[in-house]
Structure formats: C-alpha cells, structure tokens
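Each chain, written out:
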Amino acid sequence: MKIKQIIWFSLLMVLGFASFAQDYPYHYFTHINQVVYNPSLVSAEDKISADVMTYQLWAGGFKPLSDYSLSFSFSPELMKKSRTNYYQTHYGLGATVLRDKIGPFNHNILQLIYAYHLPVADRVLLSFGINLLTENLAIDVNSLNPLENEDPRLLTGKNQSMLFDGGFGTSLRGDKFRVSFSVQNLAPGTFYFSESTAKEFKSNRKFYLTGLYRFDLNNGIYIQPNLTLRNNIYKEPAFDSFIDCSLRLCSFGAGYRSEQTVFLFASFPINDFTFTYTSENPIISNHMIGSGHTFSLGWKIK
C-alpha cells in the first residue's frame, strides 16, 4: 500500500508542476544511464562505475548537433567489502560532465552528486540524492560567418556566461522494479551575454518520473519495459518509453519518444565493460534533418 501511495504522489507532483523548457537533451541517454538526470541512482547497484556517452545528429555529411556525457561514481563503504549486499545502508559519490554543442553554442554542465541509500523493507531500497550544478554557456564567435566582418555585435559583449544551480532525486527499488522522481535546475537562472534582453538565455527546471519492471523468463533471460515522463521544449508533458530484452550474452531493445522518434539499441557486455549503440530516427520527415546515433561505453564493478 505504501508503494502505491508513493507512486500516485509522484505522479501528482509531476502533473502539478508547470512544464518548463528543457535546455539540455538529457533524454537521449535515458535508456543507457539514468544517473545523468537522477542523482539518487549513484552507487545504487554497483561499487564503482564509469560511463562515456555521445549523441551525434548526422545530416547530409555534417553534424549540426553533438552531445557528450562522462560520469563516474563509487561507494566508499561498499568498496571495502568483498561480498556486497546493496540492500543495506550506504552512500555514494559521483560526478557527471555533460556537453551540448549546437552550431556556435557550447553548453557545459558539471554535476557533483551525493546519494544516500537505506532499506525500508526486505530487499527494498529507498534512495535520496542531491547534486550541485555548474553550467557554462559559450558562443564561439570564430565559427560564425557574418555578412559583415566588422559587425560590432560580434566584436564586443560577453560571449561566456556561468550559472550555479542544483537538483535532487529519489527512488524506490526492489529486485524487479524501480520508481524514481527527480528535478534538475531547482532555481533556474538566466545566462547574460550583454545588457540586451535579446542576448539572454534562460535556464529551465526539468522534471523526470521513471518506472520500470523486469519480467524474468528462463535461463536468465528477461524483458524490462521502461517509461520516463518529463517536460519538453514546448512546455507540454513528454515521455520516453522503451523495452529492453536481455539474452544473457547481449541485450537489445526498441523505444519511442514523444518527439515522434523511434530508436533501436543493442548492448554487448564484455567482462566488466558494456558497449551500447543506438540508432534514432524521426517518424515524420520534417521533424529532424537527419538521424541520431548514440555510442556508449560503460564499466562497472559489482
């Protein structure tokens, strides 16, 4: 009964908040590493982990958009133990670096993360996490090709801006399920480049509510549906959904985003490493100018 109450409460929180724009596409990585938007997941299922991810939008031989993510986390308490029981009280530390490059704009985000995990029932873990955000938005003037090279708007003004913010997350998980809720950019600010309001870029609050459940089949094979509710750039509810099918030696899956894109992915574990490739394509031809490709390499010690 308590689990159902938590789920309904989280849903009401998401629907009750105003939907603000999402100025960094965290959702490209939701099917690979959800730590990028929920700090409570740090060290929830591993002693130490590291992930490198990149999203590339390819269109006619050039790349109009490139996203990169590097994350690292560990649990000092669990690393001291040879046999690990994750359903015990412990904490985790982590850091994530995100980079979003669209044309002359470069958006860099650094997250410093702390998570605390405590058991609330037999093999049920409740987790809380907070993160400190440092954001830098820069305009590479040298990459522009103005009609007039002496345009004073390109030669003057502040072409870099910094913001400091934070976020939090919470999650409840068991052997076969997980429900999590998180907020990024709790106190949205504004990137100022000059005194003109036309040269200001606002940072916006982001919400995520995720649920998953694993259906075990024979010989370690399972199917795991996953749904993430979030806000989008149109100030409307959005979502990411996918199904992950594990075949022991590899896994594959398919998903759909509310931006009217479908994606297919495959993961190949090798010892403690996992390589994942994702191909993302629009359903309607005028939605995107090309197809997206995500490459990921993860390393974990459990």
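Look up a bit, the structure's there.
Computed from a predicted structure; not experimentally measured.

A. Representation of a nonpolar patch on the surface in the model. Judged by side-chain polarity, Val-52, Leu-70, Val-97, Leu-110, Leu-112, Leu-132, Phe-268, Ile-270, Phe-273, Phe-275 and Leu-297 come together as a nonpolar surface patch covering roughly 1,000 Å² of accessible area. Mapped by element, the contributors of at least two residues to the nonpolar patch are β4 (105–121), β15 (261–270) and β16 (273–282). For Leu-132, the location among the structural elements is in strand β5 (residues 124–139). Relative accessible area serves as the criterion here: at 57%, Leu-132 is assigned to the exposed category.

B. Quick look at the environment of Pro-237. Considering the arrangement of structural elements, one finds Pro-237 in strand β13 (residues 237–246). Sequence spacing of Pro-237 and Ser-258 is 21 residues, and the spatial spacing of their C-alpha atoms is 8.8 Å.

C. Region of the structure containing the pairing of β5. Two strands pair when backbone bridges link them, and β4 and β5 are joined in this way by 16 bridges, in the antiparallel orientation. By the bridge assignment, Ile-109 is partnered in β5 with Glu-135. Counting the residues between successive antiparallel strands, the hairpin from β4 to β5 contains 2 residues, one of them, Arg-123, with a positive phi of roughly 55°. Where β5 lies against strand β6 (residues 160–173), 14 bridges are found, and the strand directions are antiparallel. What sits directly across from Leu-133, in β6, is Asp-165.

The rules behind the values
- Residues numbered from 1 in each chain as written.
- Predicted model: local features only at pLDDT ≥ 70, side-chain atom pairs only at ≥ 80, totals over all residues.
- Heavy atoms only, no water.
- Patch = residues over 30% accessible without salt bridge, like charges linked within 9 Å, V, L, I, M, F, W, Y side chains within 5 Å.
- Areas by Shrake-Rupley, 256 points an atom, 1.4 Å probe, with all protein chains shown as cover.
- Salt bridge = Lys/Arg side-chain N within 4 Å of Asp/Glu carboxyl O.
- Helix = DSSP H or I, 4+ residues; strand = E, 2+ residues; numbered from the N terminus.
- Buried < 20%, exposed > 50% of the residue type's maximum accessible area, 1.4 Å probe, protein only.
- Pairing = 2+ DSSP bridges.

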